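Residue-level structural notes
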Amino acid sequence: MSATAVHSLWTTAATAADPISKIDAPKIEYGQLSPTLIILGAALIGVLVEAFVPRKSRYYAQVFVSAVALCAAFAAVVALAADGYGTTKAHIAAMGAIAVDGPALFLQGVILLSGLVGLFTFAERRLDPEAHGNRVDSFAAQGASVPGSDSEKAAVKAGFTTTEVFPLLLFAVAGMLVFPSANDLLTLFVALEVFSLPLYLLCALARRKRLLSQEAAVKYFLLGAFASAFTLFGIALLYGYAGSMSYSTIAQVVDGSITNINPALADTMGNDALLLIGGAMIVMGLLFKVGAVPFHMWTPDVYQGAPTPVTGFMAAATKVAAFGALLRLLYVVLPGLRWDWRPVMWGVAIITMLGGAIVAITQTDIKRLLAYSSIAHAGFILAGVIATTRDGVSSVLFYLGAYSFVTIGAFAVVTLVRDAGGEATHLSKWAGLGRRSPLVAAVFAVFLLSFAGIPLTAGFAGKFAVFKAAAAGGAAPLVVVGVLSSAIAAFFYIRVIVLMFFSEPRPDGPTVAVPSPLTMATIGVAVAATLVLGVAPQYFLDLANQAGVFVR
Amino acid sequence: MENLIALLVAAPLLGAVVLLCGGRRLDAVGHWIGTILSSASFVIGVVLFTDLLGKNAEHRTLMQHLWTWVPVEGFQADVTFRLDQLSMTFVLLITGVGSLIHLYSVGYMEHDERRRRFFGYLNLFLAAMLILVLADNYLLLYVGWEGVGLASYLLIGFWQHKPSAATAAKKAFLVNRVGDMGLSIAIMLMFTTFGTFAFGPVLSHVGDASEGKLTGIALMLLLAACGKSAQVPLQSWLGDAMEGPTPVSALIHAATMVTAGVYLIVRSGAIFNAAPDAQLVVTVVGAVTLLFGAIVGCAKDDIKKALAGSTMSQIGYMVLAAGLGPIGYVFAIMHLVTHGFFKAGLFLGAGSVMHGMNDEVDMRKYGGLRKYMPVTFITFGLGYLAIIGFPGLSGFFSKDKIIEAAFAKGGTEGWILGGAALLGAAITAFYMTRVMLMTFFGEKRWQPDENGNEPHPHESPKTMTIPMIVLAFGSVFAGGIFGIGDRFLHWLEPITGHEEGNSPVSALTVTLATMVVLVIGVGIAWAQYGRKPVPAVAPRGSLLTRAARRDLLQDDFNHVVLVRGGEHLTRSLVYVDHTLVDGVVNGTAASMGGLSGRLRKLQNGYARSYAVSMFGGAAILVAATLLMRAV
C-alpha cells in the first residue's frame, strides 16, 4: 500500500470520526442519584475492608460503614424529597435511565429504613451461644466450607465469620434502590440482577441447618434465573415492538403518539402481539419477585431455609422494590393497555390472596407460615395496584411502608425463640410462649394482629387504604375476595396467638434469648411503626398521597 | 354572671370526685363535704336567681359556652349551659331539696359504714341532674340523662347485700334502657332532620320539618320520658326502686329525677305543639298513669310503695298537663315544683317513721304514732293536706289548675281527660288519707319481732327533722306564692308560652267539683280505716285490690309478654345460630382446611415442579392477555 493510500485512509477515518466526537458527554445528575451512589460506594468500601482490614476488626468496620452509608443515603433521600424532587421537580435523570419522582423517593426511603433495621438483625451476635469463645452471628463461619466437613469445624474453631454479608446487603440495597426508579427496560434488568444475586448468596449462608439453607439458595437461584430469562425475553419483545428501551417512548408508541417506524425494525414495530406477550413476560418476572401465585413456589422454601435476618430483610425490601417496579411499569409504560392487563391482574390478585391465605392454614413452621402470609399480602397489594388511580399508587406505597416494618419485626422475633438446635421454628414449640415470655409473645401478637389487619395497627390502615382505592377504582369484587381472604388469614394469625397465650407450655419448650440492643432496636422500631401507623396514619397517608404521582 | 353557671355543676361534681376517690380518710367528714358542696350549689343558684329577677323577662336567658365537645364539621356538639326561667326553676328545686336531703341523710345514714360513698353518689346525682336541666343541646342533655340513670342505679342498689335491692337496681336500669333508647333515637332523628341538636336551632326550625317526622321525634321523646318518669308502659321499676335508702326515694324517685321526663316534654314543647297526634298520646299516657298509680297506691301496705304509687300518679298529672300543650306547660312545671316539696316531705316523714320503727315498712304494724313522733306527724300531715289539694295549700293551687286545663282542652277529649283527673283527685284523697290514718291514728299495732325486739318509736334527730320542717313550709306556702297573682305563670310564660283554652265549665265549678271529690275520697277512707280498727293482716280483698297489690299485674304482664317472649326469641336465635350459622362457619372452616391440605401437596420441594408451575403460569398469563385483546 502506498503512503498516499495510507494517508488517505487516515484522513478519511478522521473525517469519518468527526461526527462521533460531536456526541455530547452523558450528563449525570450525581446529586439526584446520590442515595444509590452512596450505597454502592459503601459496598465497594466493604469489599476493600474484606481485603485489607484484619479479620478481628472487620465486623466492626463493616457494621460501621454499612450503618453510616444507609443513614447517609436515607438523609440524601429526605433532602431530595424536601427539595421538591418528589413533587414539583420530579424528572428523569441520567439520560432517561432513572426517574427521580415521588414513588421512587418514597420507596427508596422505605428500602433504606428496611435495610437499616435489617442491618441490625444481620449484626446481632448475642443470640447464638459463643463458639470457642467467639461471638457469632446468624451466618456460616465460612460459606465455602462443606457442611459437616473438617474445614467447617476448623473455620468455626478459628472464629471466622462471614462479614461479606454486609457488602452483599449493601449491593442488594443498591439494586433495590434503582429497581423502582428504573426508567428504561435495560436499567430495570440490571437492577434486578444487582439485587438478586447478593440475595441468592445471602440465602446460602445460614450458620445452622446449612444444607437447608444451601438448598434454598440453589432453588432461589435456579427459579430466579428462570424468571429473569422470561423478563429478558419480554424486554427483547418490547424493544422489537417499540424500537426503544425507554419507558416514555414505549408508552408513546403504545398510545399511538409515535408512529414513524424504525426501518431496521419494520417487520416487528407496532405488532401488538409482541407488545402483549412482551409486557406479560416482564410482568411475570416482577410477579415472581413479589411472590404472587402461581410464581410464588420459591417463597416458602427460601423463607424457611434462609438465615432469618436475611428472610426478614428480603421479605420486606424485595417486595417494596418489586412492587415499585411493577407500579411504574403498569402506570407509566402500559397504561394504554389497561383494558388488557387489568382483567389478567384481577385473576392473579384473586388467586394470590386466596392461595396464600388458604395454604397458610395448614403450615406448622412459623417461617413458612409467614412466607404464605407474605404471599397473601402480595395479593392485597396487587388489589391496590389494579386500582389504576393516584389513590391506588399512594395506598400501595403506604401499605409497603407499613408491611415492611411489621415483617422485619416479626422475623426478628423469630430469631429470639431458640432451643438447642438454633431457632425453634416449629409452631408446636411456640405453645405457651406467652406464659414464659409475655413481653416477646405480646410483641409478636402485635405483629400478627397487624398482619391480620386489626384496627389500631399499621396493617389495618394499609389494608383499608388499599381496599378503598381498589373499590373506588372499580374493583369491588376484588375487595370482597380480599376481605374474605383476610378472614381466612385472620384464622391462622389468631391461632398462633391462641397457641402462645392459651396453651400449656411444653416442658422441652424453647427459651427466649436476650438479644443485644441491635435486635431490640429493630423490634422496638417495628412495634412503634406498627402502632403509630395504626393509630395515627394520617401523616403518612398524606406523605404517600403526595408521593403518588409518577413522572413520565 | 353567666360564668357562675358552670359552678352550679362543678360543686357537686367536685364532691362526687373527692368522695368517691378520697378513700377511707374522708369517712369522718365525707357527709359534711357532700352537704356543703350541695348547699354551695344552692347558694350559687339563689345568686343567679336574684340576678335573673332583676332583669327584664326577655333578657333572662344566660348562656355559658365551655368548650366544643365534638368539633367535627357538620356535627357540632358544644358543652354549653343555658340558664333560663325553666332551668332556673329546676336548679332551685334540685339544689334546694337536694341540700335538705343531704342534711337529712347525715342523720338517716349515721349507722351505715358506707355513708361517704352514699354522699358521693348523691353529689354525682346532683351534678348529673344539673347537667340535664342546664344543657343547651340534646346531646349534652343525654349526658345528664344517663348520669342520673347511673346515680339512680347505684343508689337503688346501695344496699347491695340485699338481693331485692340488687334486683331492683337491675330492673330500674333495664327498664330505663328502653327509654334511653328512645331518647337516643330522637336525637338521631333530630340530627338527620335539622342537622343539629342544639335547643335554639331545633326548636325555632320546627316549622321546616314534616309533621310525620316531628311526630316520630315527639313519640321517641315521650318514650324516653316514660322510662325516666315511670309512666305506663315503662312504670314497673319505680315501686321496686323503693329498695333504696329513703332519702334516695325522696330526692331521686319523688322530687327530681323522675320529673326529668316532664322537663324533657316541656323543653321540647315546640316539637310537641307541631305534632298533635303525639300530644294526644302524651295526654293518654298521663291520664292512664295517674289512675294506674293512684289505684296501686290504694292497695299497698308498704308505706314507701304506697307513696311510690302516689308519685307515679302525680307525675301522671304533670305529663297530662304537658300533653295539653301551651294550656298546660306552666302548670305541669308548677305541680312539679310543689310536688317536689310535699312528696319529698312525705318520703322524709316515712323515713323518719321507719327510723323510729326499726325499719318496719308495713303500715299495718304502725298505728297511733302521732303521740310518739309529733314533729313527723305535723310535717307529714301538712304534706298530706298539700297532696290531696286542701284549699290554700300547695297541691290545691297546682293540681286544680291541671284539672281546669284538662277540661280546657275542649271537646270529648277535654271531658274524658278532665274526668280522669277528677277521679284521680278522689283516689288520691282516699289513699293518702289511708296512709295517714294507718300510720298516725288508731291503736298501736306493732309487735315484737322474732328476736323479741319491740320497736320503741321515737322522734328523729334534728338533722332529720329540720329538713322535714323546711319542706313542710314549702308544702304549705309554695302553691300560694306561685299561684296567687299568677306569679309562676308570668315567670315561665316567656319560655313555654301560654294559652287559656276554652273550658266548657267555669274555673269555679272545677274547684267546687274538686272539693266535692276530695271530701268523698277522704270520707270513704275514714269509713274504712278511721272508724274501724285496721286489721293487722290484710284481708283478701276484691279482685281489683288483689290486682292492685300486685301493681295491677304489671310484672306478670312483663314476664309473660317480654320475658317469655324474649326467651323464646333467644332460644330460636340460638337454634339458628347453632345449626345454620355454626354449620356454615364450621363447614367452611373444614373445607378450607381440606383445600389447604390438598394445595399444600403442590409444594413438593422439587425445583423442577416449581419451574413447571411458573412456566404454566407464564403461559396462562400471556394467553390470557392475548385473549383479553381478542375479546
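What comes next concerns the included structure. (Residues numbered from 1 in each chain as written. Chains lettered and ligands numbered in written order. Predicted model: local features only at pLDDT ≥ 70, side-chain atom pairs only at ≥ 80, totals over all residues. Heavy atoms only, no water.)

**Description of the overall build of chain A**
Here is the rule we go by: Here a strand is any run of E in DSSP of at least two residues, a helix any run of H or I of at least four, and the numbering for each starts at the N terminus. Between buried and exposed lies partly exposed: a residue is buried under 20% and exposed over 50% of the maximum accessible area for its type, with that area taken using a 1.4 Å probe on protein chains only.
Summing up its helical and strand segments, chain A has 21 helices and 5 strands in all. Buried positions account for 60% of the 552 residues belonging to chain A.

**Digging into the interface of chain B and chain A**
As a reminder of what qualifies: Whether two residues are in contact is decided by their heavy atoms: any pair within 4.5 Å suffices. The term buried area means the drop in 1.4 Å probe accessible area that two parts suffer when joined, counted for both and summed. Whenever Lys or Arg places a side-chain nitrogen within 4 Å of a carboxyl oxygen from Asp or Glu, that contact is recorded as a salt bridge. As used in this structure description, the phrase polar contact means that two N or O atoms lie within 3.5 Å; if the pair is within protein, one of them must be able to donate a hydrogen and the other to accept it, and residues adjacent in sequence are counted only when both atoms belong to side chains.
In this complex, chain B contributes 25 residues to the contact, which on the side of chain A involves 38 residues. Carbon and sulfur atoms make up 74% of the area that chain B and chain A hide from each other, which totals about 2700 Å². Taken as a group, Met-614, Leu-621 and Arg-629 of chain B account for 25% of the area that chain B buries against chain A, more than any other trio of residues on that side. Here Asp-272 of chain A makes a salt bridge to Arg-629 of chain B, at a shortest N to O gap of 2.6 Å. Remark: the boundary between chain B and chain A carries 12 residue pairs in polar contact (both at pLDDT 80 or more). Contributions of two or more residues to the side of chain B that touches chain A are made by helix H23 (554-600) and helix H24 (607-630) of chain B. By residue number, the principal contributor to the side of chain B that touches chain A is H24 of chain B, which donates 15 residues.

**Considering the packing of aromatic side chains**
The cut-off we apply is this: Each aromatic pair joins two rings of Phe, Tyr and Trp (for Trp, the six-membered one) with centres within 6.5 Å, and gets the label stacked for planes under 30 degrees apart, edge-to-face for over 60, and tilted for any other angle. We count a charge as sitting over a ring when the NZ of a lysine or the CZ of an arginine lies within 6 Å of the ring centre and within 35 degrees of the ring normal.
Counted according to the given criterion, the structure contains 41 aromatic pairs over all chains. Centre to centre, the rings of Phe-49 of chain B and Trp-491 of chain B are 5.4 Å apart; their planes meet at 80°, and the pair counts as edge-to-face. Of the two residues, Phe-49 of chain B is situated in helix H2 (residues 30-53) and Trp-491 of chain B in helix H20 (residues 487-496); the sequence distance between them amounts to 442 residues. When its relative accessible area of 9% is taken as the criterion, Trp-491 of chain B is described as buried. Members of the aromatic cluster, joined through ring pairs, are Tyr-200, Tyr-220, Phe-221, Phe-288, Trp-298, Tyr-303 and Phe-411 of chain A. Directly above the aromatic system of Tyr-59 of chain A lies the positively charged group of Arg-125 of chain A, at a separation of 3.8 Å from the ring centroid.

**Looking at unusual backbone geometry**
In the segment running from Val-293 of chain A into Pro-294 of chain A, the intervening peptide bond is cis, with an omega of 5°. Its location among the elements puts Pro-294 of chain A in the loop between helix H10 (272-290) and helix H11 (298-305). Phi at His-132 of chain A takes a positive value of approximately 50°, unusual for a residue other than glycine. For His-132 of chain A, a relative accessible area of 52% corresponds to the exposed category. Unlike most non-glycine residues, Asn-358 of chain B shows phi in positive territory, near 55°. Examined against the element boundaries, Asn-358 of chain B turns out to sit in the loop between helix H15 (329-356) and helix H16 (374-388). Asn-358 of chain B gets classed as partly exposed once you look at its relative accessible area, which sits at 49%.

**What about the pattern of salt bridges?**
Residue and element names in this part refer to chain A. Taken as a whole and judged by the stated rule, the model has 32 salt bridges over all chains. With a closest N to O distance of 2.5 Å, Arg-208 and Asp-128 form a salt bridge. With a gap of 80 residues between them, Arg-208 in the loop between helix H7 (185-203) and helix H8 (210-242) and Asp-128 in the loop between helix H4 (102-122) and helix H5 (150-157) connect regions that are remote in the sequence. A relative accessible area of 29% means that Arg-208 is categorised as partly exposed. With relative accessibility at 8%, the residue Asp-128 sits in the buried group. One salt bridge connects Lys-219 with Asp-301, and the closest N-O pair in it is separated by 2.7 Å. Placement of Lys-219 in helix H8 and of Asp-301 in helix H11 is noted, with a sequence separation of 82 residues between them. An identical accessibility class is assigned to Lys-219 and Asp-301; each is buried. The network of salt bridges with common partners includes Glu-215, Lys-219, Asp-301 and Arg-368.

**What about the nonpolar core?**
Stated formally: Take the buried Ala, Val, Leu, Ile, Met, Phe, Trp, Tyr and Cys residues and link them wherever side-chain atoms come within 4.5 Å; each set so joined is a nonpolar core.
Ile-39, Phe-179, Leu-287 and Phe-444 of chain A are the most contacted members of the largest nonpolar core, which totals 193 residues. Per element, the largest residue contribution to this core is 17 residues, and it comes from helix H12 (residues 308-333) of chain A. Setting aside its immediate chain neighbours within four residues, Phe-179 of chain A contacts Leu-188, Ala-191, Leu-192, Phe-195, Leu-286, Ala-321, Ala-322 and Ala-325 of chain A. Counting residues in each nonpolar core, the second largest holds 190 residues, with Leu-8, Val-133, Leu-155 and Ala-241 of chain B among its members.

**Description of helix H1 (residues 5-21) of chain B**
All names here are of chain B. Rules: The span expected for a helix works out to 1.5 Å for each residue beyond the first.
Between its first and last C-alpha, H1 extends 25 Å over 17 residues, near the 24 Å set by a 1.5 Å rise per residue. Along H1, the positions that sit buried rather than exposed are Ile-5, Ala-6, Leu-8, Val-9, Ala-11, Pro-12, Gly-15, Ala-16 and Leu-19. At the exit of H1 stands Gly-23, carrying a positive phi of roughly 80°.

**Regarding the packing of H8 of chain A against H10 of chain A**
All names here are of chain A. Here is the rule we go by: Under this scheme, a helix contributes an axis fitted over its contacting stretch, all axes are lines through C-alpha atoms, and angles between N-to-C directions fall in the 0 to 180 degree range. In these notes the angle categories are as follows: under 35 degrees is roughly parallel, over 145 is roughly antiparallel, 65 to 115 is roughly perpendicular, and the rest is oblique. Should the near helix be turned anticlockwise from the far one by less than a right angle, the crossing is left-handed, and should it be turned clockwise, the crossing is right-handed. Polar here means any residue outside two lists: the nonpolar Ala, Val, Leu, Ile, Met, Phe, Trp, Tyr, Cys and Pro, and the charged Asp, Glu, Lys and Arg; Gly therefore counts as polar.
Relative to each other, H8 and H10 sit at 155°, their axes nearing to 7 Å. What the angle tells us is that H8 and H10 run roughly antiparallel. Judged by the twist between their axes, the crossing of H8 over H10 is left-handed. Residues that form the contact of H8 with H10 fall into these classes: 16 nonpolar, 7 polar and 2 charged.

**Side note on the sheet that holds strand S4 (residues 422-423) of chain A**
The strands making up a sheet are joined through hydrogen bonds of the backbone, oriented either antiparallel or parallel. Residue and element names in this part refer to chain A. What counts here: Here a strand pair is declared whenever DSSP counts at least two bridges between the two strands.
Reading across from one edge, S4-S3-S5 is the order of the 3 strands in this open sheet, with antiparallel pairing throughout. Each edge of the open sheet is held by one strand with a lone partner, namely S4 and strand S5 (511-512). In terms of strand pairing, strand S3 (residues 417-419) meets S5 through 2 bridges, oriented antiparallel. Within S5, the position partnered with Arg-418 by the bridge is Thr-511. Docked against the sheet, helix H15 (residues 390-416) engages S3, S4 and S5, running at close to 25° with respect to S3.

**Describing the side chain of Thr-311 of chain A**
With respect to the helices and strands, Thr-311 of chain A occurs in helix H12. When residues no more than four places from it in sequence are discounted, the contact partners of Thr-311 of chain A are Tyr-303, Ala-306, Lys-367 and Phe-411 of chain A.

**Quick word on the environment of Pro-147 of chain A**
In this fold, Pro-147 of chain A is placed in the loop between H4 and H5. Among all residues touching Pro-147 of chain A, those that are not within four sequence positions of it are Glu-152, Arg-210, Leu-211 and Gln-214 of chain A.

**Topic: the packing of helix H14 (residues 303-323) of chain B against helix H17 (residues 394-408) of chain B**
Residues and elements named next belong to chain B. Here H14 crosses H17 at 45°, and the two axes come no closer than 10 Å. Comparing their axes, H17 and H14 come out oblique. Considering how the two elements wind past one another, H14 and H17 form a crossing that is left-handed. Facing Gln-314, Tyr-317 and Ala-321 of H14, the residues of H17 in contact are Lys-399, Ile-402 and Ile-403. The residue makeup of the contact of H14 with H17, split by class, is 4 nonpolar, 1 polar and 1 charged.

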